[in-house]
Structures are given as C-alpha cells and as structure tokens.
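Each chain, letter by letter, is given below.
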Amino acid sequence: MADRTSEAADNHGDEADAAPAPVHGSLKDLLRLWPWLRPYRGNLIFMLVIATAAMVVQSVLPIITAALIDGPIARHDSSGMYPLIGLALLFGVLEAVLFGVRRRAMTTSALAIETDLRRDFYQHLQRLPVSFHDRWPSGQLLSRVTSDLSTLRRFVGFMAVFFFANLAVIVVVLAMLIRLQPTLGIAVLVTMLPLAFGTRYYEKRYNVEARKAQDLTGDIATGVEESVLGIRVVKSFGRRGELLRSFTADAERLRGAELAKNRTLAKLWTVIGTYPQVILAGVTFFGVMSVAHGSLSRGDLVAFITLQLRLNWPLMAMGWLIAGTEETISATARLFEVFDTASDITDPAEPIPLPGSGTGNAPAQLQFDEVAFRFPGAATDTLQGLNLDIAPGETMALVGPTGSGKTILTALVSRLHDVTAGAVRIDGVPVDRLSLDELRRTVSTAFEEPTLFSASVLENITLGRPEATEDEVAEAIEVAQADFVHDLPFGLETRVGEQGMSLSGGQRQRLALARAVLGRPRVLVLDDPLSALDVHTEAQVEKALRRVLGSTTALVVAHRASTVLLADRVALLDGGRITAVGTHSDLMATNESYRDLLSQKVAEARV
Ligand SMILES: Nc1ncnc2c1ncn2[C@@H]1O[C@H](COP(=O)(O)OP(=O)(O)OP(=O)(O)O)[C@@H](O)[C@H]1O
C-alpha cells in the first residue's frame, strides 16, 4: 500500500506544502483509484456481471409476454400458456437471486476498498511534514477522511455497478427494440442521442457545485474542531455568540451550496425524466399505426412498449448516477490533492549508519554547521549562518528573545523541518543522511506544548519506545518527578488525553518529559521543559534531570536562570544567529544582551 501513495506522491513532488486549492477533477481522477481497486478486481467484475445479468433478465419478460399474446392468447389455447408462465416465473426468481448475490458481494468489496484507502490516507498524512499540517486546516483533512471516502464507497459499491448495468440494459433493450421493429427501434435510438449532450451541461455545473459543498463541509469541520478544542477560551472570553454567528454563516453557505446542487439536480432530472415520456408517446402513436397497417403484431407492440418502459428507469437513474459520479470525481480529486503532496522529509536513498550506534546509548556529538532555515513562502530566513557545536555528553542551554527561532532550531534536530542551507550533524553525519528510524531512535524531544494522546499513561510515556522495560519506565517517571501517576485511579493504566482524565499543565509537562528521557537517548532536546512547574517541583525535576543530562548530549531551550544552570554552556540566539556561547557566569559577566534577557526573565518570573 505504501508504494501506491508514494507512487502518487513522486509524480507531484514539487507540490509539497501546497495549501488546499479547489480542483474540480475529471474522470481521469477516478482511473487513478485503480491501485486500490486492483486487489478486488475479481469481486468487482463478478458484481458487474451479476448486476448486468439481473437487469438483462428483467428485459426478457416483455418478450415472453409478447409470445403469450401472439401465441396461446391469440389462439385461445390455454394449455400453451403454462410453459411460458413457467419460464416467466423462472426468470423472475433468477432475477431476485441475482440481486441478492450482488448486494452481498458489493458491500464487502466497497467497504474493504474504503478501509484500504482510509488507512493509506492516514499513513500518508503521518508522513507529511509539519509544514504541511501548519498550512492545511484539520477540518479539511477530517472531511476528506470521512465524508469523501464514504462518497467513494457508495460509488464503488453501488453507483459504478449500476452505471455499467444500466448502460448494458440500455444497449440490450435498444437492440431488442431494433430487432422487434427496426424503423421504430432506430427512431428511439436516434431520439435518445441529444439527451447525452443535454445532460453534459448540468454535469459540469453539478461538479463545480459538489466541490464547493465538499470544501464548505471541511470548513465547518475545522470550525467545530477549533471551538471544541478551545472551549475554555471561548467560554471564559464570552465568545459563544460570536462563534455561533460565524458557524451559522458557514452553515448557511453550505446550505446555499447544497441548494444550488439540488436545483441543478432537479433540472437534470426534469430533462432526463421528460425525455422517455416523449419518446413513449411517439412510440405508442407510430406503433398503433404499424399494427393498423399490419406491419407489427399486437404482441410485438405490447413487447415494444413494455421494453421501452424498461428504458425509463435506467434513463432516469442516469441523472442520479451522473450526480453521484460527479460528486465522487470531486471527492477523489480532494483525496489526491493530499496524496499528491509529497513529503520532502523522507529516508535518504542510502542511509549512513551512525558511527556509535552499536555502542549502546553513548552520547553523540551535535553540530549545527552554517544552518539556515526559512519557512515555506516566507520572505526572509528565520535562522541564518548558524553554527553551534555540542560535545558528546554536554548540555547546552539555548537562550534567546521570544520569537528568535529557538523552537524551530530544536525542530531541525529530529527533522520535523529540514534546513534550507547548511547541515545539522550527529557524530559528523548530516541528519538527512540517517534513516528516519535511526534518527528518531537517537534523538528524543520534549516539546513546549506537551501533547498527550487518548491512551493510558504508560502508552503515552512509551510512545517512542514501546519496548522499554519496567525499570526504564520507573526511572523516566522518577527523573520527570511524575510519581503522581501512581495516585491516578488506575495508576499507569489510567487513560489520559482527549478522552481520558485531564491532567494539569505541569502534570502533562512532566509526562512529556518522562517520554523524552525514557531509555536515556543519545541526544535529548528539551523545549522549555519546566515552564509549567512550580518552583519546588522544578527544583526536584532539575535535581533528577541532572543525572540524565550527565549521560546524554542535550540541547535545552531555557527561559529561566534555574534551567540555564542545568547546562554546561549556554548559547545565545539572536536575529537568527548564535551571537555568543559560554558558561552562564561568563555570559553574565561579559554579554549585556544575555544579562538583560535573563534579568528580564527573572523579573517576569517574579511578577
Ligand atoms: N509558518 C511560518 N511562517 C513564517 N514565519 C513563522 C512561521 N511559523 C513561525 N514563524 C516565525 O518564526 C519565528 C521563530 O519562531 P519560534 O517558535 O522558533 O520562536 P521561539 O524562539 O521558540 O519563541 P518562544 O520563546 O516565544 O517560544 C517567529 O518569529 C515566528 O513568528
């Protein structure tokens, strides 16, 4: 499966990080689904054959009726009707059985295809770089993974089959009509042709409107998600009314788009629904004339009209199928907008193993060599010509004014973002030459915003190292001073995160710290890891953390002097460059901006 998405991604590598832009899609987009349909092709073909057979069996009944009228009924021969009635019954039962078999087969395949696509989509989302997720509203991704995929399932399991089965019925019935009465049959065929062109106009309109409605559904999902996640802020700032108004406006826009879709659909149905009636009136008129002139038997006229009536449903259903197909085309286009976004943060073609990787958890050297970083689409570099050398086992604190780029610098180590110039090296190997697996085993990060997942405390701590031993978990809990977990209702098994217990900011931060220090990584990156802790807990964590820092290479973003004191040396980041490196006392003595910065932070902390 992975190959399918990367195949798609490779074709569009340069479109990385594109923000959502409405692409209306075409039938070609449906063909691109083939890799996901291929494993189920046997079942799909079987469904198609069964559905077509059931529809064609239906069309045989008028022929039996004609034989009854022109045969036993015309001859007043009641005994002659039994074989024909038996045959009609047989075909009727056959039709019912075929419908049952098809229904069962199609649900199974369509659900399997939907599941595969959903899994691949999710997998692809996880591969995409952080910069992609920064740009795409989450609701747009959510609506693709839910409603667009459901549209696709309905199409594969139902509409596509009917589309072909209907087409088969139309062809078979037209052939039968031409055979029964060639002139009248050809007339029916010719009069149907303009219908195909007439519907094209509505199809195009419907496609544009369907896309608009699907995008608006994504916007609504984003709005709901933001207001649910930010419910505390919303309530405390009394913004409920405002958000409701904005949500109602979005909902109104969606309603408008859905209404526009339905108006177009109503026109399409009117055209498609009227047409067969007009043809039927013509057929009845000319058919009756033909019977009067003796060129058509009564039985054949009944068969002709009944057959022609059989065309009504497939023709009318075409309106519905066309709408469904257009909706599926734009749902598929929306899915491929994401699939086509390639991740530029991938494994190198020939990864270089880390020199010290065989020697357990020996601390590694971490170097920033002429590093520059610019956000996609930004006009200037956030970091430029940045050099920093952290020796194995050394702890380097990173201090700088707010917005100076400390967080982005730490993100470069585990390749959440890639440098735009220069290199970040671990033991001399540029991080983009290491396999992502090895890199993420080597570097462990605690982010400024501690995210917990709806899982147990244990699962949250062992997220990056599920193989960690009980002792390692106990040590990590101790280092992070997170023993409060033992007092939770189910201890380490207590569910936390969105669907579990809500923990305090300081508790979340300590769990995130335990997750980062678990198993003593070779390189530890901590982005202001103690900011939410009270002074007493902070001192305890610092004491325990010192033990870990002695045996790992660490880069610690620090805002407080107490955190800075954990480090062997301090680097001062200003204007996207490292402007000074030295011990805390040296910098306090010699560097005015460092002094200002820390005294300002101390003052802030006291307030
Ligand atoms: N997507 C983006 N495009 C352009 N600039 C961005 C983007 N995201 C962040 N920035 C800018 O990059 C700069 C560095 O941000 P960063 O979060 O690394 O700062 P920081 O030093 O960690 O700040 P703080 O101490 O407040 O956490 C900031 O000025 C920020 O506004």
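Note that the structure is predicted; figures quoted are calculated from it, not measured. (Residues numbered from 1 in each chain as written. Predicted model: local features only at pLDDT ≥ 70, side-chain atom pairs only at ≥ 80, totals over all residues.)

## Regarding the overall build of the chain
Looking only at helices and strands, one finds 20 helices and 12 strands in the chain. Taking the intrachain contacts of the chain between residues at least 6 apart in sequence as the baseline, contacts between residues at least 24 apart amount to 81%. (Helix = DSSP H or I, 4+ residues; strand = E, 2+ residues; numbered from the N terminus. Contact = placed C-beta atoms within 7 Å.)

## Re unusual backbone geometry
If you check the backbone angles, Arg-415 has positive phi at about 60° while not being a glycine. Relative to the assigned elements, Arg-415 resides in the loop between helix H12 (406-413) and strand E4 (421-426). Backbone geometry at Asp-427 places phi at a positive 50°, although glycine is not the residue there. Tracing the sequence through the fold places Asp-427 in the loop between E4 and strand E5 (429-430).

## A few points about the confidence of the model for the chain
The predicted model of the chain has a mean per-residue pLDDT of 83, with 93% of residues at 70 or higher. Note that residues 1-19 has pLDDT below 50 and, in this model, 34 contacts with residues that lie over four places away or in other chains. With pTM at 0.68, the complex prediction returns an ipTM value of 0.95. (pLDDT = per-residue confidence, 0-100.)

## Considerations on the site of the ligand
Near the ligand, the surroundings consist of 13 residues, among which Phe-375, Thr-402, Gly-403, Lys-406 and Thr-407 are the closest. No other element matches the 3 residues that H12 contributes to the shell around the ligand. Here the residues of the shell around the ligand are counted per class, giving 3 nonpolar, 7 polar and 3 charged. (Near = placed C-beta within 6 Å. Nonpolar A, V, L, I, M, F, W, Y, C, P; charged D, E, K, R; others polar.)

## A word on the sheet that holds E4
Strand order in the open sheet formed by 4 strands is E2-E1-E4-E5, and the pairing between neighbours is antiparallel. Taken across any chain shown, the strands that pair with only one partner, and hence form the sheet edges, are strand E2 (383-390) and E5. Here 2 bridges tie E4 to E5, and the two strands are oriented antiparallel to one another. Residue Arg-425 lies in a different strand from E5, and its bridge partner there is Pro-430. Along the sheet, H12 contacts strand E1 (366-373), E2 and E4; its crossing angle with E1, the most-contacted strand, is approximately 120°. (Pairing = 2+ DSSP bridges. Axes fitted to C-alpha atoms, helices over the stretch in contact; angles between N-to-C directions.)

## Some remarks on the UniProt feature "transmembrane region" (unreviewed entry) in the chain
UniProt records the feature "transmembrane region" (unreviewed entry) at residues 44-69, 81-101, 155-178, 184-202 and 268-289, using the numbering of this structure. As annotated, residues 44-69 comprises 100% helix and 0% strand, and the C-alpha atoms at either end are separated by 39 Å. From the first C-alpha to the last, residues 155-178 spans 32 Å; its make-up is 100% helix and 0% strand. (UniProt positions renumbered as here; feature names shortened; annotations may be inferred.)

## Looking at the nonpolar core
Grouped together as the largest cluster of nonpolar side chains are 72 residues, with contacts concentrated most on Leu-398, Ala-514, Val-517 and Val-556. When residues in this core are grouped by element, the largest group, 6 residues, is from helix H16 (residues 505-517). Judged by nonpolar contacts, the second largest core, of 63 residues, contains Met-47, Leu-296, Leu-311 and Ile-322. (Core = buried A, V, L, I, M, F, W, Y, C linked by C-beta atoms within 7 Å. Buried ≥ 20, exposed ≤ 12 C-beta atoms within 10 Å, placed from the backbone.)

## As for the sheet that holds strand E10 (residues 553-557)
The strand order across the open sheet built from 6 strands is E6-E9-E10-E3-E11-E12, with neighbouring strands paired in mixed fashion. Looking at the sheet topology across the chains shown, the edges are occupied by strand E6 (443-446) and strand E12 (577-582). The average undirected angle you get between the axes of adjacent strands in this sheet is 20°. As paired strands, strand E11 (residues 569-574) and E12 are joined by 5 bridges and run antiparallel to one another. Within the sheet, the bridge partner assigned to Val-570 lies in E12 and is Gly-582. The strands that H16 touches are E6 and strand E9 (523-527); relative to E6, the one it contacts most, it runs at about 175°.

## Remarks on helix H15 (residues 470-479)
When H15 is considered as a whole, its buried residues turn out to be Val-473, Glu-475, Ala-476, Ile-477 and Val-479. If you follow the buried residues of H15, they end up packed against helix H14 (457-461), H16 and helix H17 (535-549). Note on H15: the residue one or two positions beyond its end, Gln-481, has a positive phi of about 50°.

## Here's the deal with the pairing of E9
With 5 of its 5 residues buried, E9 lies for the most part within the structure. Along E9, one buried face is formed by Val-523, Val-525 and Asp-527 and the opposite face, lined by Leu-524 and Leu-526, is buried too. In this structure, E6 lies alongside E9, joined through 4 bridges in parallel fashion. Residue Ser-444 lies in a different strand from E9, and its bridge partner there is Leu-524. As paired strands, E9 and E10 are joined by 5 bridges and run parallel to one another. Looking across to E10, one finds that Val-523 is bridged to Thr-553. After leaving E9, the chain enters H17 and then returns to the sheet as E10, a path that is right-handed. (Right-handed = clockwise from strand over helix to strand, strands pointing away.)

## A short note on the packing of helix H5 (residues 81-127) against helix H7 (residues 138-180)
One can describe the packing of H5 onto H7 by two numbers: an axis separation of 9 Å at closest approach and a directional angle of 155°. Judged on the interaxial angle alone, H7 and H5 are roughly antiparallel. For the pair H5 and H7, the sense of crossing is right-handed. For the pair H5 and H7, the contacting residues are Met-106, Thr-107, Ser-109, Ala-110, Leu-111, Ile-113, Glu-114, Leu-117, Arg-118, Phe-121, Tyr-122 and Leu-125 in the first and Leu-141, Val-145, Leu-149, Leu-152, Arg-153, Val-156, Gly-157, Phe-158 and Val-161 in the second. When grouped by side-chain class, the residues that make up the contact of H5 with H7 number 15 nonpolar, 3 polar and 3 charged. (Parallel < 35°, antiparallel > 145°, perpendicular 65-115°, else oblique. Left-handed = near helix turned anticlockwise from the far one by under 90°.)

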